[in-house]
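Here is how the chains run, residue by residue.
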Amino acid sequence: MKAGLAGAALAGWLALCSLAAVPGIAMAQQPLPRIDSANGKHVLMVDDKPFLVLGAQANNSSNYPAVLPQVWPMMERLHANTLEIPVAWEQVEPEEGRFNFSYLEALLNGARENDMRLVLLWFATWKNTGPSYAPMWVKTDTARFPRMRTPAGSAHYALSPHSRTTLEADKRAFVRLMRWLRDHDPDHTVIMVQPENEAGVYGQKRDHSAEANALFAGPIPAELAQRTGKSGSWSEAFGPLADSAFNAWYTARYIDEIAAAGQAVVDLPMYANAALSDPFAAPGTGGGASGGPDMPVIDVWKAAAPHLDFVAPDIYMRDQRQAAEIMRLYARPDNALMIPEIGNAADYARLWWSALGHGAIGFAPFGMDETGYSNYPLGAKELDEQTVEAFASKYRLFAPMAGAWARVAAQNPTWGASKPAGGASQTHRFGRWNAAVQYEEWQFGDRDSPWLESDPHPSAGKQVGGAVIVQTGADEFLVAASDARVRFTLADAGPGESAAMLRAEEGTLAEDGSFVMRRVWNGDQTDHGLNFTSQPVLLKVTMGSYQ
Ligand code: DGJ
């Protein structure tokens, strides 16, 4: 249910009413989590307060009570506030119609003990496009739960999004899960739900069953025509993207129906995650799962799935240009940017700064637990101290001020940068100021100074470093960064006008967003730019000029 604030409040009220109607269940104490949107920016609200997801996702098979003790310590090491973790259809409905939520009980109890919020990942019809997490009785009954067909007519591995029977079975189990939450989670330990995981298909672009072929030959649906201004058949409307757009529409409709049925029970924010193509490839040619909420078909998903609060990128591209472009394409006035998965190798951690710069409501490295599994080469070879610290150092700074940051960033111009290949500096204009982020500089002097020779900086050639800047006044900024130098210069200096840093204070944010000072940086700490080490800090910077 995504109809803005009034709609969200109404739905929350209706959910409370339905809860009150359940005998023996206390009224929910806390308002429902929701996403507030204004002026093209978004804030996740939890307990009616801004909330920034300092997240981490557990490994795929960590969704059992016996394994949770290997999950919570990692959350603590990371200073995370939210655990994303699967709930598998096969584990809650191992036999058709017989449900077992004992895992959920252990999970919610553990989350409460560890002061952690949860995002539940419903692994069902689609997990990385395949049905591996569907119960045995689904996987083995291809007559009732049909697989896609290849153009030659043989069975393809993925379940067909055109099967009403599969949809009804998945939806029934999902609704049971949401009812369990309604009855056991009045405080909304669970703040969001992701129905399905990386939906779509690999190896072909869509189902080629007789039913799918007939739909594909027909006109595009009216809602889609209205939203995109396109008309005619799928091929006429979408050209080379036709098969993917078609699969996107029917996959999104399927997931939207599941989300809507779940939200009718508890109206939590819900989203779908995407296995991405290369953002710079011609649409339809850059890989990714066909039909998932990938960049070329975001608009199809928006039209087909109004109950999803947003669609979200799973980022496994370490290249700064690709990652930043992906974030730019998902951060839209009609779509909050949330990164539910990003690789857990240390070099991905610098992308935190770009994510904040794009107004992300959340960020979560994938595969964060102590089970010893590693998804290298996607992520880290090993979760050694240095790798965990690359993420933990950022979360440690933001944990005490996460909600305040979300509030302030949503209300003011915000920009972030992370170190690109080659380490060139990046610049952004804020009113009369240019902010530059530079890399591989010592804290004293300049790398290329002819007067003061120096060794290369230890971060030389390494993929670390970045900064995020919020402009809180014409000449006032909040700056947080790691492994970077930040400088402010006048964008258009008047005749004889020079910039001056009037004050740089280190500190944190109080809950209302006001700055709480710890110390003032001056002298060596500001004479050579604002130099941030691998331990990020927050500065409030006041600039001025003189003539
Ligand atoms: C993306 C998926 O969404 C995750 O569940 C996981 O399979 C990773 N890929 C790879 O480790």
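Nothing here was measured: the structure is a model prediction, and the numbers come from that model. (Residues numbered from 1 in each chain as written. Predicted model: local features only at pLDDT ≥ 70, side-chain atom pairs only at ≥ 80, totals over all residues. Heavy atoms only, no water.)

### Here we look at the packing of helix α7 (residues 210-217) against helix α10 (residues 242-263)
Right, so step 1: Close contact between α7 and α10 brings their axes to 11 Å; oriented N to C, the two are set at 110°. In terms of orientation, α7 lies roughly perpendicular with respect to α10. Crossing angle aside, the handedness with which α7 passes α10 is right-handed. Facing A212, L215 and F216 of α7, the residues of α10 in contact are A242, D243, F246 and Y250.
Right, so step 2: Of the residues contributing to the contact of α7 with α10, the split by class is six nonpolar, no polar and one charged. (Axes fitted to C-alpha atoms, helices over the stretch in contact; angles between N-to-C directions. Helix = DSSP H or I, 4+ residues; strand = E, 2+ residues; numbered from the N terminus. Parallel < 35°, antiparallel > 145°, perpendicular 65-115°, else oblique. Left-handed = near helix turned anticlockwise from the far one by under 90°. Contact = heavy atoms within 4.5 Å. Nonpolar A, V, L, I, M, F, W, Y, C, P; charged D, E, K, R; others polar.)

### Focus on the pairing of strand β4 (residues 53-57)
Right, so step 1: Across the five residues that make up β4, a large majority, five, are buried.
Right, so step 2: Burial along β4 is two-sided: the residues V53, G55 and Q57 and L54 and A56 are all buried.
Right, so step 3: The sheet contact formed by β4 and strand β13 (residues 362-365) spans two bridges and is parallel. The partner of V53 across the bridge, within β13, is G362.
Right, so step 4: For β4 and strand β5 (residues 82-88), the ladder comprises three bridges, and the chain directions are parallel. Bridge pairing in β5 places G55 opposite T82.
Right, so step 5: Traced from β4 through helix α2 (residues 72-78) to β5, the parallel crossover comes out right-handed. (Buried < 20%, exposed > 50% of the residue type's maximum accessible area, 1.4 Å probe, protein only. Pairing = 2+ DSSP bridges. Right-handed = clockwise from strand over helix to strand, strands pointing away.)

### Side note on the side chain of K419
Right, so step 1: Considering the arrangement of structural elements, one finds K419 in the loop between β14 (414-418) and β15 (426-430).
Right, so step 2: Classification of K419 by relative accessible area gives buried; the value is 1%.
Right, so step 3: For K419, the contacting residues outside a window of four places in its chain are Q320, R350, Y439, E440, S459, G461, K462, Q463, V464 and G465.

### Re the site of the ligand
Right, so step 1: Taken together, the neighbourhood of the ligand is formed by N60, K127, N128, N197, E198, D314, Y316, E341, F366, N375 and L378.
Right, so step 2: For the ligand, an oxygen atom lies 3.0 Å from a polar atom in the side chain of K127.
Right, so step 3: For the ligand, an oxygen atom lies 2.9 Å from a polar atom in the side chain of N128.
Right, so step 4: When the free accessible area of the ligand is taken as 290 Å², the share hidden by the protein chains comes to 88%.
Right, so step 5: Each residue belonging to the shell around the ligand can be placed in one class, and the counts come to three nonpolar, four polar and four charged. (Near = heavy atom within 4 Å. Polar contact = N/O pair within 3.5 Å; in protein donor to acceptor, adjacent residues only side chain to side chain. Areas by Shrake-Rupley, 256 points an atom, 1.4 Å probe, with all protein chains shown as cover.)

### As for the sheet that holds strand β10 (residues 271-275)
Right, so step 1: Ordered by their spatial adjacency, eight strands build an open sheet running β9-β6-β5-β4-β13-β12-β11-β10, and the pairing between neighbours is parallel. The sheet is open, and its two edges are formed by β9 (190-197) and β10, each paired on a single side. The sheet shows a mean angle of 25° between the axes of neighbouring strands, taken without regard to direction.

### A look at the nonpolar core
Right, so step 1: Among the nonpolar cores identified, the biggest contains 126 residues, and W234, F398 and W405 are the most heavily contacted of them.
Right, so step 2: Sort the elements by how many residues they give to this core and α10 lands first, with eleven residues.
Right, so step 3: In this structure, W405 is in contact with L52, L356, F398, V468, V470, L509 and L538, ignoring residues within four places of it in sequence.
Right, so step 4: In this structure, V479, A484, L530 and V537 belong to the second largest nonpolar core, which totals 24 residues. (Core = buried A, V, L, I, M, F, W, Y, C linked by side-chain atoms within 4.5 Å.)

### What to know about unusual backbone geometry
If a residue is not glycine, its phi is most likely negative; likewise, a peptide bond is most likely trans.
Right, so step 1: Cis geometry marks the peptide bond from Y376 to P377; its omega dihedral reads 15°.
Right, so step 2: Among the structural elements, P377 can be located in the loop between β13 and α14 (385-398).
Right, so step 3: With phi around 55°, D115 is a residue other than glycine that occupies positive phi space.
Right, so step 4: Among the structural elements, D115 can be located in the loop between α4 (102-113) and β6 (117-127).
Right, so step 5: The phi torsion at T129 lies on the positive side, around 80°, for a residue other than glycine.
Right, so step 6: Within the secondary structure, T129 sits in the loop between β6 and α5 (136-139).

### So, the domain arrangement of the chain
It is common to give the size of an interface as the accessible area lost on bringing the parts into contact.
Right, so step 1: Each domain of the chain was delimited in the assignment, giving domain 1 (53-411) and domain 2 (417-546).
Right, so step 2: For domain 1 and domain 2, the distance between their C-alpha centres works out to 36 Å.
Right, so step 3: Opposite the 21 residues of domain 1 that make contact, domain 2 presents 28 residues.
Right, so step 4: Of the roughly 1,800 Å² buried where domain 1 meets domain 2, counting both sides, 65% is carbon and sulfur surface.
Right, so step 5: Among the residues domain 1 hides against domain 2, the three largest losses belong to R350, W353 and W405. Together they make up 36% of the total.
Right, so step 6: The tally of links between domain 1 and domain 2 comes to zero salt bridges.
Right, so step 7: On the surface where domain 1 and domain 2 come into contact, there are six residue pairs in polar contact (both at pLDDT 80 or more).
Right, so step 8: Counting only elements with at least two residues in the side of domain 1 that touches domain 2, the list comes to α13 (351-357), α14 and α15 (402-411).
Right, so step 9: For the side of domain 1 that touches domain 2, the leading source of residues is α14, giving six residues.
Right, so step 10: Along the lines of polarity and charge, the residues of the side of domain 1 that touches domain 2 split into eleven nonpolar, four polar and six charged. (Domains from an automatic or database assignment. Buried area = accessible area lost by both parts, 1.4 Å probe. Salt bridge = Lys/Arg side-chain N within 4 Å of Asp/Glu carboxyl O.)

### Structural notes on a nonpolar patch on the surface
Right, so step 1: A contiguous nonpolar patch, built from F444, W451 and L452 and spanning about 420 Å² of accessible area, is present on the exposed surface.
Right, so step 2: Its place among the elements puts L452 in the loop between β16 (433-438) and β17 (466-473). (Patch = residues over 30% accessible without salt bridge, like charges linked within 9 Å, V, L, I, M, F, W, Y side chains within 5 Å.)

### Comments concerning the sheet that holds strand β2 (residues 41-46)
Right, so step 1: Taken together, the three strands give an open sheet; going across it, the order is β1-β2-β3, and neighbouring strands pair in antiparallel fashion. Strand pairing shows two members of the sheet lacking a second neighbour, β1 (34-38) and β3 (49-51), which therefore form its edges. Adjacent strand axes in the sheet meet at a mean angle of 50°, parallel and antiparallel pairs treated alike.
Right, so step 2: As defined by bridge partners, β2 adjoins β3 across three bridges and the pair is classed as antiparallel.

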